[in-house]
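Here is what each chain is made of, one letter per residue.
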Amino acid sequence: MPDTIVTVAALRRQIANQLRAGWGDDSAQRPDLDAKLLVAHALGANAANLTLRDDEPVAAPLVEAALALARRRFRGEPVARIVGEREFWGLPFRLSPGTLVPRPDSETVVEAAVAEFRRRGTENPVIIDLGTGSGCILLAVLSELPGAFGIGTDRSEDAVRTARDNAARFGLGGRAAFLVADWAAGISGSFDAILTNPPYVDGEDLPELPVEVIHHDPRLALDGGADGLDHYRRIVPELGRLLKPGGFAVFEFGYRQAAMFSDLARAHGWSPVLLRDLPGHDRAAVLTR
Ligand code: GLN
């Protein structure tokens, strides 16, 4: 019996239907998009090489490979982990076990930092990104500001390696350095800006996180202690020592933490200006003296 020919479009449809059948009408899930990305990955296509035609036939071993990826997705592994990459600020960031999957929320931090530098007309800003993970916040900012230089720190050696790799891939290796450090411990110097997205999930939300997050993002990058602000209490007192006079900081935080974070910042002499993410939550703040 001749093998049935499976096309790219049919394979996407089959995977999307399998995912949909399992997920029911869970509106947080996007079976069509996931199917498209998984098929592209199985077939060796990526953002730079999106040449798959809908009517292209797919060889049987590749059909099997795509179905195997779909099973991983169905068991809760995020697409970004399966394909090892996630787009942030238009750049394809490589991921590894020590990095959080970049979230669109963090683009709020990038946008604020770039706007603040442009408003100030800072010529060659020197930036530090504390807890850099994949390097997404720092590298996105550097991609916008050709005269900027940045340092990213992370407690995870694996994350530092991945961030360095991302910098090189984007042609930013000459303007970014990455170091293993516990926040800013052992770092001196005076920076024009400090950017940070510390772990902020609180004790109540941590057990409620979806499988995609709790089983696949590093706990080190999520757990913010009882009220979610443990790490902020360590970082905020360091700002004065790290920033140039007149420098600023941009912090990301959880969607219910704006008031608590603002109180903490004010207690250390900083004035917060709150910023909203796309869904409209207060998500970040710019601090100045
Ligand atoms: N936004 C992440 C989440 O999915 C948390 C990231 C962080 O703690 N900084 O909950």
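Refer to the structure presented above.
Residues numbered from 1 in each chain as written. Predicted model: local features only at pLDDT ≥ 70, side-chain atom pairs only at ≥ 80, totals over all residues. Heavy atoms only, no water.

1. Thoughts on the overall build of the chain
(1) Moving on: Within the chain, the secondary structure is distributed over eleven helices and eleven strands.
(2) Moving on: Computed over the C-alpha atoms, the radius of gyration of the chain is 21 Å, within 12% of the 19 Å expected from 2.2 N^0.38 for a compact globule of 289 residues.
(3) Moving on: Judged by the C-alpha coordinates and their principal axes, the chain covers about 75 × 40 × 30 Å.
(4) Moving on: Burial statistics for the chain: of 289 residues in total, 49% are counted as buried.
(5) Moving on: Nonlocal contacts in the chain, meaning residues at least 24 apart in sequence, comprise 68% of its contacts between residues at least 6 apart. (Helix = DSSP H or I, 4+ residues; strand = E, 2+ residues; numbered from the N terminus. Rg over C-alpha atoms; globule rule 2.2 N^0.38 Å. Buried < 20%, exposed > 50% of the residue type's maximum accessible area, 1.4 Å probe, protein only. Contact = heavy atoms within 4.5 Å.)

2. Let's talk about the packing of aromatic side chains
(1) Moving on: Scanning the entire structure with this criterion turns up seven aromatic pairs.
(2) Moving on: When the ring of F251 is compared with that of F261, the centres are 5.0 Å apart and the planes differ by 40°; the resulting orientation is tilted. Taken together, the residues F251 in strand 9 (residues 243-252) and F261 in helix 11 (residues 258-267) connect sequence positions ten residues apart. For the pair F251 and F261, one class covers both residues: buried. (Phe/Tyr/Trp six-rings, centres within 6.5 Å; stacked < 30°, edge-to-face > 60°.)

3. Observations regarding the nonpolar core
(1) Moving on: In terms of nonpolar packing, the biggest core is built from 33 residues, with I194, Y232, L239, F251, F261 and L287 touching the most fellow members.
(2) Moving on: With four residues, the top contributor of residues to this core is helix 11.
(3) Moving on: Leaving out residues up to four positions away in the same chain, L239 has contacts with I194, A249, F251, W270 and L287.
(4) Moving on: Counting 32 residues, the second-largest nonpolar core is a separate cluster that includes A112, L138, A167 and L195. (Core = buried A, V, L, I, M, F, W, Y, C linked by side-chain atoms within 4.5 Å.)

4. Observations concerning the sheet that holds strand 8 (residues 191-196)
(1) Moving on: Strand order across the open sheet formed by seven strands is 7-6-5-8-9-11-10, with mixed pairing between neighbours. Where the open sheet ends on each side, the last strands, each with one partner, are strand 7 (176-180) and strand 10 (271-276). Within this sheet the neighbouring strands show an average axis-to-axis angle of 20°, counted without direction.
(2) Moving on: Both strand 10 and strand 11 (residues 282-288) contribute to a ladder of six bridges, which runs antiparallel. Residue L274 lies in a different strand from strand 11, and its bridge partner there is A285.
(3) Moving on: Here helix 7 (residues 157-169) sits on the sheet and contacts strand 6 (149-154) and strand 7; the angle it forms with strand 7, its principal contact strand, is near 170°. (Pairing = 2+ DSSP bridges. Axes fitted to C-alpha atoms, helices over the stretch in contact; angles between N-to-C directions.)

5. Observations regarding the pairing of strand 4 (residues 91-94)
(1) Moving on: Because side chains alternate across strand 4, one face comprises the buried residues L91 and F93, and the other comprises P92 and R94, none of which is buried.
(2) Moving on: Across four bridges, strand 3 (residues 85-88) lies against strand 4 in antiparallel orientation. The residue of strand 4 that forms the bridge with R86 is F93.
(3) Moving on: Between strand 3 and strand 4, which pair antiparallel one after the other, the connecting turn spans two residues, and W89 there sits at a positive phi close to 55°.

6. What to know about the layout of surface pockets
(1) Moving on: As a volume, the second largest pocket reaches approximately 370 Å³.
(2) Moving on: For the second largest pocket, the lining is made up of 24 residues, of which G131, G133, D154, N197 and A221 are closest to its centre.
(3) Moving on: Looking at the lining of the second largest pocket, its residues break down into eleven nonpolar, ten polar and three charged. (1 Å grid on protein atoms, 1.4 Å probe; cavity = no way out; pocket = protein on both sides within 12 Å on 5 of 7 lines; lining within 4 Å. Points joined across faces, edges and corners; volume = space filled by probe spheres on them. Nonpolar A, V, L, I, M, F, W, Y, C, P; charged D, E, K, R; others polar.)

7. Re the packing of helix 2 (residues 31-42) against helix 3 (residues 60-74)
(1) Moving on: Two numbers describe how helix 2 lies on helix 3: the axes approach to 9 Å, and their chain directions differ by 135°. One way to sum up the angle between helix 2 and helix 3 is to call them oblique. Crossing hand, helix 2 versus helix 3: right-handed. Here D34, L38, H41 and A42 of helix 2 come into contact with helix 3, specifically with L62, A65, A66, L69, A70 and R73.
(2) Moving on: Residues that form the contact of helix 2 with helix 3 fall into these classes: seven nonpolar, one polar and two charged. (Parallel < 35°, antiparallel > 145°, perpendicular 65-115°, else oblique. Left-handed = near helix turned anticlockwise from the far one by under 90°.)

Read these as geometric descriptors, not functional statements.
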